[in-house]
Amino acid sequence: MCLFDMLRRRETGGPASVRARLEGAMSRRRLRGWQPPLENINSLVASGGPRLLARSRELVVTNGYAANACEAYAANLVGDGIKPSSLIEDGALRDRVQRLWLAWTDQADADGLTDFYGLQAMIAREMFVAGECFVRIRPRRAEDGLLVPMQLQLLQSEMLPFEKTETAANGNRIRCGIEFDLIGRRVAYHFRRRHPGDSTDRGPVIPNTTRVPAEDVLHIYRPIDAGQIRGLPHVAPAMVRLFLLDQYDDAELDRKKTAAMFAGFITKNAPEEALMGEIEDEGTGIGIASLEPGTLQVLLPGEDIKFSSPADVGGGYEAFQYRTLLAISASLGLPYHLVCQ
């Protein structure tokens, strides 16, 4: 071995140092069960996207922590709305443009539910729940009576089918509903005409999807990997913990409720003797003695009473909740007080 090789090995630390840096790639006892999938993120999104979306939407509706986090995320992302500031130097022209802008913001929503700033809040909530939102620019006719003949239509992630991956008639590739040309540019989106989960939207039979040019669509999402074409729910890293914590809280609440129903249990040596004030349950045949405020119950010879003392959750319950909610807050990228208060 030459002197140069010896110096280079000393600089880099040698093979042992390299092995230490690659420890995460080893398959020894501690890491034998760690076998992550090797698929590209687009393959994972295409296969698990619909179920992930359904679980995410249900979680935000039914879980208080998730709902609170969604509102906090939207409030911190856009607040009252991102407002533009004109750079036009001509004062008269700037005032006229500003008045026209304010008039358009009130008519911007194609569904007529809110204004331009309300649309921003809805987009922020969709980013939290679905990880993406589509905004379709809808030109309007002069007879529609709008000051500015253009509106914005929000489309949920489910409106672009994950399963639509094929080759178009013009030779372009369609991946997860998005059409790409031969050099990888987005040229169109193939939206569903009806939401797949809306049973109230029924009508005549029409083609399942419609092709919308890419210049008429804003695809708002935050890619986390290079080449990612669809968004992932912001709540995804915390979904499992939120779901299991909610189940745990429900089970603990039911356990305490059931334990509180029984004040005590009476035992007796002669089962054939009736209890004082006994009421027999017709369904089970088990005698139940009720207690009322101020009751002094005299027990018969051979009878004994044992009061219920259900097991408590213990002193670790609050600490466990706190640590779990801290992990959830870190997964969501939100402070603890915004998630839990």
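Look a little higher up for the structure.
Throughout what follows, the structure given in this document is the object of discussion. As the structure is a prediction and not an experimental result, all values here were calculated from the model. (Residues numbered from 1 in each chain as written. Predicted model: local features only at pLDDT ≥ 70, side-chain atom pairs only at ≥ 80, totals over all residues. Heavy atoms only, no water.)

### Details of the environment of Y117
Mapping Y117 onto the fold places it in helix α6 (residues 116–129). What makes Y117 buried here is its relative accessible area of 15%. As a C-alpha pair, Y117 and G79 span 38 residues in sequence and 9.2 Å in three-dimensional space. Separated by 3.4 Å, the side chains of Y117 and W101 make a polar contact. (Helix = DSSP H or I, 4+ residues; strand = E, 2+ residues; numbered from the N terminus. Buried < 20%, exposed > 50% of the residue type's maximum accessible area, 1.4 Å probe, protein only. Polar contact = N/O pair within 3.5 Å; in protein donor to acceptor, adjacent residues only side chain to side chain.)

### Some thoughts on the side chain of S56
Residue position: S56 is located in helix α3 (residues 41–62). S56 sits in the buried class, given a relative accessible area of 0%. Ignoring sequence-local partners within four residues, the contact set of S56 consists of V129, P233, V235 and M239. (Contact = heavy atoms within 4.5 Å.)

### Considering the sheet that holds strand β5 (residues 178–180)
In spatial order, the strands read β3-β4-β5-β6-β7; together these five strands make up an open sheet with antiparallel pairing. Two strands bound the open sheet, and with one partner strand each, they are β3 (166–167) and β7 (209–213). The sheet contact formed by strand β4 (residues 173–175) and β5 spans three bridges and is antiparallel. Considered in β5, the bridge of R175 is made with I178. (Pairing = 2+ DSSP bridges.)

### A few points about the packing of aromatic side chains
On inspection of all chains with the given rule, the structure shows 11 aromatic pairs. Geometrically, the ring pair formed by W101 and F116 is edge-to-face, given 5.3 Å between the ring centres and 75° between the ring planes. Of this pair, W101 sits in helix α5 (residues 91–107) while F116 sits in helix α6; the two residues are 15 residues apart in sequence, bridging distant segments of the chain. Centroid distance Y248 to Y317: 5.9 Å. Interplanar angle 45°. Geometry classified as tilted. Taken together, the residues Y248 in helix α7 (residues 239–260) and Y317 in helix α8 (residues 316–332) connect sequence positions 69 residues apart. Residue class for Y248 comes out partly exposed when judged on its relative accessible area of 32%. Of the residues examined, Y317 reaches a relative accessible area of 19% and is grouped as buried. (Phe/Tyr/Trp six-rings, centres within 6.5 Å; stacked < 30°, edge-to-face > 60°.)

### Some remarks on the nonpolar core
Judged by nonpolar contacts, the single largest core of 29 residues is most densely connected at F128, V235, L242, I328 and L332. At the level of secondary structure, the elements contributing two or more residues to this core comprise α3, α4 (64–78), α6, β1 (132–139), β2 (150–155), α7 and α8. At seven residues, the largest contribution of residues to this core is made by α6. Residues contacting I328, with those up to four places away along its chain left out, are A238, R241, L242 and L245. By size, the runner-up hydrophobic cluster in this structure holds 13 residues, among which are F134, I178, F191 and V217. (Core = buried A, V, L, I, M, F, W, Y, C linked by side-chain atoms within 4.5 Å.)

### As for the environment of L155
Structurally, L155 is set in strand β2. Under the relative-accessibility criterion, L155 is labelled buried at 9%.

### Here's the deal with the sheet that holds β2
Strands sit in the order β2-β1-β8 across an open sheet of three strands; the sheet is antiparallel. Single-partner strands in this sheet number two, and they are β2 and β8 (217–221). Taking the axes of each pair of neighbouring strands and ignoring which way they run, one obtains an average angle of 25° across the sheet. By the bridge criterion, six bridges tie β1 to β2 in an arrangement that is antiparallel. Each bridged residue has a counterpart across the sheet, and for V135 the counterpart in β2 is L154. (Axes fitted to C-alpha atoms, helices over the stretch in contact; angles between N-to-C directions.)

### With respect to α3
The largest bend in α3 is about 60°, located at G48, with the proline P50 one to four residues further on. Taken as a whole, α3 has its buried residues at I41, N42, V45, G49, L53, S56, R57, L59 and V60. Structurally, α3 contributes buried residues whose contacts are with α4, α6, β4 and α7. A distance of 2.8 Å separates the backbone nitrogen of N42 from a side-chain oxygen at the start of α3, and that oxygen is part of N40. (Bend = angle between axes of the 7 residues up to and from the residue.)

### A few points about unusual backbone geometry
The backbone phi angle of C176 is positive, close to 55°, even though this residue is not glycine. With respect to the element layout, C176 can be found in the loop between β4 and β5. You can call C176 buried: its relative accessible area is 4%.

### Observations regarding the pairing of β1
Inspection of the sheet shows β1 paired to β8 by five bridges, in the antiparallel sense. For V135, the partnering residue across the bridge sits in β8 and is L218.

### Some details on a nonpolar patch on the surface
Together, V240, F243 and L244 line one region of the surface with nonpolar side chains, adding up to about 300 Å² of accessible area. The topology assignment puts V240 in helix α7. Note on V240: relative accessible area 57%, which makes it exposed. (Patch = residues over 30% accessible without salt bridge, like charges linked within 9 Å, V, L, I, M, F, W, Y side chains within 5 Å. Areas by Shrake-Rupley, 256 points an atom, 1.4 Å probe, with all protein chains shown as cover. Salt bridge = Lys/Arg side-chain N within 4 Å of Asp/Glu carboxyl O.)

Taken by themselves, the reported measurements are silent on function.
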